[in-house]
Amino acid sequence: PKYPNVVRDLAVIVDTACSWNDLYTEVKGTSGLIELVELFDIFQSDKQLGVGKKSLAFSITFRSPEKTLTSDDVEVVMQKIIKNLKTKFQAQQR
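Our subject in this report is the structure included herewith. (Residues numbered from 1 in each chain as written. Predicted model: local features only at pLDDT ≥ 70, side-chain atom pairs only at ≥ 80, totals over all residues. Heavy atoms only, no water.)

1. Structural notes on the sheet that holds strand β2 (residues 34-43)
Where we set the bar: By definition, two strands form a pair when at least two bridges between them are found by DSSP. For the purposes of this entry, the term helix denotes a DSSP run of H or I that reaches at least four residues, the term strand denotes a run of E that reaches at least two, and both are numbered from the N terminus. The contact definition used throughout considers only heavy atoms, calling two residues in contact when any of these lie within 4.5 Å. Simply put, an axis is a line fit to the C-alpha atoms, just over the touching stretch for a helix, and the angle between two N-to-C directions goes from 0 to 180 degrees.
Strand order in the open sheet formed by four strands is β2-β3-β1-β4, with antiparallel pairing between adjacent strands. Taken across any chain shown, the strands that pair with only one partner, and hence form the sheet edges, are β2 and β4 (92-93). Bridge analysis of β2 against strand β3 (residues 53-62) gives eight bridges, and the strand direction is antiparallel. Note that in β3 the partner of Leu-36 across the bridge is Thr-61. Across the sheet, helix α1 (residues 20-28) is in contact with β1 (6-15), β2 and β3; its angle to β2 comes to roughly 150°. Along the sheet, helix α3 (residues 71-89) contacts β1, β2, β3 and β4; its crossing angle with β1, the most-contacted strand, is approximately 15°.

2. What about the packing of aromatic side chains?
Put simply, the test is: What counts as a ring pair is set by centres within 6.5 Å for rings of Phe, Tyr and Trp (its six-membered ring), and what kind of pair is set by the plane angle: stacked under 30 degrees, edge-to-face over 60, tilted for all other angles. Residue burial is assigned from relative accessible area. The probe radius is 1.4 Å, only protein chains are included, and a residue is buried under 20% of its type maximum, exposed over 50%, and partly exposed in between.
One pass over the structure, following the stated rule, counts two aromatic pairs. Between Trp-20 and Phe-58 the ring centres are 5.3 Å apart and the planes differ by 50°, which places this aromatic pair in the tilted class. Separated by 38 residues along the polypeptide, Trp-20 in helix α1 and Phe-58 in strand β3 bring together distant segments of the chain. Judged by relative accessible area, which is 22%, Trp-20 ranks as partly exposed.

3. What about the nonpolar core?
We count it as follows: Put simply, buried Ala, Val, Leu, Ile, Met, Phe, Trp, Tyr and Cys residues joined by side-chain atoms within 4.5 Å make one nonpolar core.
Counting 22 residues, the largest nonpolar core has Phe-62, Ile-81 and Leu-85 as the members making the most contacts within it. At seven residues, α3 tops the list of elements feeding residues into this core. Residues contacting Leu-85, with those up to four places away along its chain left out, are Leu-10, Val-12, Leu-23, Glu-26, Val-27, Phe-58, Gln-90 and Ala-91.

In structure tokens form, the structure reads like this:
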């Protein structure tokens, strides 16, 4: 690729019934700048997260075919992802 990628990690707390596939689809569909979304951790603890909750941590790789992305470019998409996950899955950022 001509331009470098930018990788950001995000962890959210969701209901245990929420599937990774549903979250993946929502995140990946947020922007054309998202190249890859990879799950790297699942954590469940009734004591720390609450009954019926789990934490999913994943990395998001961004890349533009037209330019080097700035922090602001990526932050706009990250905020949209967080907002969409809160709205659709009642996710809480961890």
